[in-house]
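Overview (structure and organization)
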Amino acid sequence: MARWCYRHRLVVLVLWVGALFGLGAAGTSAGTDYSNVFSLPDTDSKRAYDLMTKAFPESSGDTDTVVWRVDEGASARDADVRSRIEPALKEIAGMKGVGEVRSPYASKEAGAAQISGDGRIAYAQVTFAEEANSVPKELVQDAVDTAQKAEKAGLQVELGGQAITRIQEPPTGTSELVGIAAAAVVLFLAFGSLFAMALPIVIAVFGVGLGMLSTMLLSHVTDIPEVAPLLGSLIGLGVGIDYALFIVTRHRRGILRGMEPEESAVQALNTSGRAVLFAGGTVCIALAGMLVMNMRFLDGVVVAASLTVILSVLAAITLLPSLLGMLGPRVLSRRQRRHLAATGPESAEPSGLAARWSSYVQKRPRSIAALAFVVMAFLALPLLSLRLGATDQGNHQESTTTRQAYDMLAEGFGPGFNGPLQVVAEETDTGALVTAIRGTEGVARVAAAPPADGISVINVVPTTSPQSVETDQLIDRLRGDVIPEAGVEAHVGGVTAVFKDFAAVTGDRLPYFVGVIIALGFLLLLIAFRSLVVPLTAALMNLIAAAASFGVLVAVFQWGWGTELLGIGKEGPITAFLPVIMLSLLFGLSMDYQVFLVSRMHEEWVHTKDNARAVRVGLAETSRVINCAALIMICVFSAFVLSGDMEGAMAGIGLAAAVALDAFILRTALVPAAMHLLGRSNWWLPAGLEKHLPHLAVEPREPQEAPQETEETEGAEKKAPVPHARVGEPGGEHGASVVHGFIRTAEGEPVEGAILTLLSKAGRQLDRVTSLADGSYIVAAPSAGAYLLAVTAPHYAARARHVVVADEPLVYDVELAMGEMDAVN
């Protein structure tokens, strides 16, 4: 498929562009129909909601508030205050799309309820004709501007409510654009090429764009919450850029090692592309684990995020090879192309900082493992004080009008005014229950509404804020003591009660959810790497990463460490549904890094059966690209602080912390150190289990070709086996062989110090030697098959030739010429 996409690149590109524009047109015309269904079956708040729906079936629009406060010594009832506020409220009431405005000046009864006890703070309720998401932003902005025109010295006017919140949000796509810009900088520094930099970004844009447009259309046929597209774009950008990065890196490496662009692209898709398919599957499986929670709200998140990941994977394995075909060798920078033409293929031996760090980990695995574990354990400590709940407008930044209105209402009418409870009973005689509630500790005010259809609703205002522990305790007292003692069958509802029930159910079901996604990840890694220890290590590391990332989340959002500095707002509980979503994304992304890291180790282990070498080489060759991918994800996730959505900011910071800890501490230090300590037991699998496991290869096997006469081997002299081959190493037992001969000039003079590198067809270095004084050399081949032999020497043109090795040693002499530019084959 990769070769077909490479050769039919224009067709593939047209299909993807057509799909993007077609879905864009359909999504624009259809619009969105997102719905936030937070209620849960078999909970007290859900029963209260059902009774209220039965009693008051008519649907009303969004209700927002206009709040004003006068200076000390003045009163909201003063004539000069009324002369400014009343005309503004009358103008708002006359706007098209506004259903009703309830003013405290309409009657004495309203004034008593809507003006604070000290007379300094008052509010009016503005009811729009539609729900908050459907109210035009222009109408909301007109209402805000009209109300705030009434301000004067000594009179402050602020507005609160869901519709008001919408106009404070930054323009759609701001966080995505910032994340993409940051990722572009990282990619350019990593690749040094504008074309190579653009490839991962284009793939991510197509995957996320199609995912979000598809989610918009799906919102008309199933319940999709408002936060789902945001979370879908968050995970889609991260995995889309990373998956393309892994494939492009492998492709560039193949070209630099002497492969033709088409063959390099095919090999990149056949190796890293397989790993991308596997990694994308693990992310989708981790996301699907949310279905275990049996929460309708999360089902829409699963649909949006999984669809975006699937489309990102499809873009990486179909659209990317077509773009690679259009670029050809230009995927390398000009400097790299000039260097390749001048010096020939580069060495496949890992070098640089990554190789030095890998060797250091091999020398000191115990101290590195201990230090990494201590750091992760320290960061996980705040997790012990995790409290789930809900965020509201009290968590907005202090500069916003919604936060100002929230604080003014709390000041004038008590902290609990912003989160009232509704006690709903299927009875009309609730006098005893009202009396009992009024005398309950933690209750500020009680007001019973007139019964409707045999159902009574009692509005209860707590003395504490909606997010406080005391409000949760009040709900428990009402449900466990007050209502049963009153002898009335009633249920406690309201937004605060709904989120309390949501948090309770989440906490109860979370262990099952974690168990399911760990078990699924364990099975996938067990099948892929034929080992019991590798998946067990991965599961343990995932739990450590989750604990540390949630510790960071609690410290920032619950304890308030740096919230105002980051522009997030006031501290509060962690949103109830966030742990489930974050754990799904975290386990999926952690599995990605584990797959890319261990697959290279496993490949080396299969060829050498040397655990120390496998771990060292695997870490040296993958740590740089994993760290680069992690840095990109950190930029993308951190940018979601700018989304204007508290849940989006929590998910962004939490996932950014998780990726940073996972990539820079776990996969770079703790995992390889642990694998060095475990030794050969890393790859242990009981023989009985081996027989029953299906075979799933993340990396393809090296192609085995029968010996045949070629232009390169024709006339080569075959000699007896060379005694230098080592048992258990290439050139020893198990069907291995060698290539040997002499390096000479055109005049027949031996060339000393020439570097010969034997590469597999996939571009992996198998052996590397230096010619001796007489020009002789010998390189080891692991088995019979086709290989690439590259030769470089100072002052001579580089040569690279395909050779075919049989079961017996192959003699191959190389002639080097000065001043000749040899084409790299």
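Here we summarise the structure given alongside this text. In this text, all values refer to a predicted model and were calculated from it rather than measured experimentally. (Residues numbered from 1 in each chain as written. Predicted model: local features only at pLDDT ≥ 70, side-chain atom pairs only at ≥ 80, totals over all residues. Heavy atoms only, no water.)

Describing the overall build of the protein chain
To keep things clear, this is the line we draw: Numbering of helices and strands runs from the N terminus, with a helix taken as a DSSP run of H or I at least four residues long and a strand as a DSSP run of E at least two residues long. For the exposure calls, accessible area comes from a 1.4 Å probe over protein chains only, and a residue counts as buried if that area is under 20% of its type's maximum, exposed if over 50%, partly exposed in between. Contacts between residues were defined by any pair of non-hydrogen atoms, one from each residue, lying within 4.5 Å.
Assigned secondary structure in the protein chain consists of 24 helices and 18 strands. Across the 825 residues in the protein chain, those meeting the buried criterion constitute 56%. In the protein chain, once contacts between residues fewer than 6 apart in sequence are set aside, the share between residues at least 24 apart is 77%.

Quick look at a nonpolar patch on the surface
Under the convention used in this document: Exposure above 30% relative accessible area and the lack of any salt bridge qualify a residue for a patch; like charges then connect within 9 Å, and the nonpolar side chains Val, Leu, Ile, Met, Phe, Trp and Tyr within 5 Å. Throughout, the Shrake-Rupley method with a 1.4 Å probe supplies accessible areas, and for residues the shown protein chains are the sole cover considered. Whenever Lys or Arg places a side-chain nitrogen within 4 Å of a carboxyl oxygen from Asp or Glu, that contact is recorded as a salt bridge.
A cluster of nonpolar side chains, namely Val185, Phe188, Leu189 and Leu194, defines an oily patch on the protein surface of about 430 Å² accessible area. If you tally residues by element for the nonpolar patch, the top one is helix α8 (residues 174-191), at three residues. For leucine 189, the position within the fold is in helix α8. Overall, leucine 189 belongs to the exposed group, its relative accessible area being 68%.

Describing the side chain of glutamate 262
Where we set the bar: In protein, a polar contact means a hydrogen-donor-capable atom and an acceptor-capable atom, both N or O and within 3.5 Å, with residues adjacent in sequence counting only if both atoms are side-chain atoms; elsewhere, any N or O pair within 3.5 Å suffices.
Relative to the elements of secondary structure, glutamate 262 occurs in helix α11 (residues 261-288). A polar atom in the side chain of glutamate 262 sits 3.2 Å from the side chain of arginine 3. If sequence neighbours within four positions are ignored, glutamate 262 has contacts with Arg3, Tyr6 and Arg7.

Describing the packing of α11 against helix α19 (residues 495-529)
To keep it simple, the criterion reads: Interaxial angle, 0 to 180 degrees, is taken between N-to-C directions of lines fitted to C-alpha atoms, where a helix line uses only the stretch in contact. Put simply, angles under 35 degrees are roughly parallel, angles over 145 are roughly antiparallel, angles from 65 to 115 are roughly perpendicular, and the rest are oblique. Should the near helix be turned anticlockwise from the far one by less than a right angle, the crossing is left-handed, and should it be turned clockwise, the crossing is right-handed. Amino acid classes used here: Ala, Val, Leu, Ile, Met, Phe, Trp, Tyr, Cys and Pro are nonpolar; Asp, Glu, Lys and Arg are charged; the rest, including Gly, are polar.
The contact between α11 and α19 brings their axes to 10 Å, and the two run at 160 degrees. On the basis of their axis angle, the class for α11 and α19 is roughly antiparallel. Crossing geometry of α11 relative to α19 is assigned as right-handed. Of the residues in α19, those touching α11 at Phe278, Thr282, Ile285 and Ala286 are Phe513, Ile517, Leu520, Leu524, Leu525 and Ala528. Of the residues that constitute the contact of α11 with α19, the class distribution is nine nonpolar, one polar and no charged.

Quick notes on the packing of helix α14 (residues 353-363) against helix α23 (residues 646-678)
Two numbers describe how α14 lies on α23: the axes approach to 9 Å, and their chain directions differ by 45 degrees. Classed by the angle they form, the pair α14 and α23 counts as oblique. The two elements α14 and α23 cross, and the hand of that crossing is right-handed. Residue-level inspection shows Trp357, Val361 and Gln362 of α14 in contact with α23, the latter providing Thr668, Ala669, Pro672, Ala673 and His676. Residues that form the contact of α14 with α23 fall into these classes: five nonpolar, three polar and no charged.

Describing the sheet that holds strand β15 (residues 785-792)
Definition in use: In short, DSSP must find at least two bridges between two strands for them to pair.
Here four strands make up an open sheet; going across it, the order is β13-β12-β15-β16 and the pairing antiparallel. Strands at the two margins of the open sheet, each flanked by one partner only, are β13 (765-770) and β16 (799-805). Within the sheet, the average angular offset between the axes of one strand and its neighbour, ignoring direction, is 20 degrees. As defined by bridge partners, strand β12 (residues 755-759) adjoins β13 across five bridges and the pair is classed as antiparallel. If you follow isoleucine 755 over to β13, its bridge partner there is threonine 770.

Description of the sheet that holds strand β3 (residues 121-128)
With respect to topology, four strands assemble into an open sheet ordered β2-β3-β1-β4, the strand pairing being antiparallel. Every interior strand has two partners, whereas the edge strands, β2 (98-102) and β4 (155-160), have only one. Pairwise comparison of adjacent strand axes, ignoring direction, gives a mean angle of 20 degrees for this sheet. Strands β1 (63-70), β2, β3 and β4 of the sheet are contacted by helix α6 (residues 137-148), whose axis makes an angle of about 160 degrees with β4.

What about a negative patch on the surface?
Worth spelling out the cut-off: Counted as positive: Lys and Arg. Counted as negative: Asp and Glu. His and the chain ends are not counted at all. By convention, charge coordinates are those of NZ in Lys, CZ in Arg, CG in Asp, or CD in Glu.
A cluster of acidic side chains, namely Glu91, Glu138, Asp142 and Asp145, defines a negative patch on the protein surface. A per-element tally of the negative patch places α6 first, with three residues. Mapped onto the secondary structure, glutamate 138 falls in helix α6. Taking relative accessible area as the criterion, glutamate 138 reaches 56% and is therefore assigned exposed.

Here's the deal with the packing of aromatic side chains
Going by this rule: Two rings from Phe, Tyr or Trp (for Trp, the six-membered ring) form a pair when their centres sit within 6.5 Å of each other. Planes less than 30 degrees apart are called stacked, planes more than 60 degrees apart edge-to-face, and all others tilted. Criterion for a charge above a ring: Arg CZ or Lys NZ at most 6 Å from the ring centre, at most 35 degrees from the ring normal.
Enumeration over the complete set of coordinates arrives at eight aromatic pairs. Seen in terms of ring centroids, tyrosine 123 and phenylalanine 413 are 5.3 Å apart; in terms of plane orientation they differ by 85 degrees. Their pairing is edge-to-face. One end of the pair, tyrosine 123, is in strand β3; the other, phenylalanine 413, is in helix α16 (residues 401-413), and 290 residues separate them in sequence. By relative accessible area, tyrosine 123 is classed as buried at 7%. Site record: aromatic cluster; members linked through ring pairs are Tyr123, Phe413 and Phe417. Taking NZ or CZ as reference, arginine 9 lies 5.5 Å from the ring centre of tyrosine 6, over its face. Taking the ring centre of phenylalanine 195 as reference, the NZ or CZ of arginine 330 above it sits at 5.5 Å.

Some thoughts on the pattern of salt bridges
The full count for this structure, using the stated rule, is 14 salt bridges. Among the ionic pairs, lysine 500 bridges to aspartate 476, the shortest N-O distance being 3.3 Å. Within this pair, whereas lysine 500 is found in helix α19, its partner aspartate 476 is found in helix α18 (residues 469-486), the two being separated by 24 residues in sequence. Connected via shared salt-bridge partners are Arg3, Arg7, Glu262 and Glu263.

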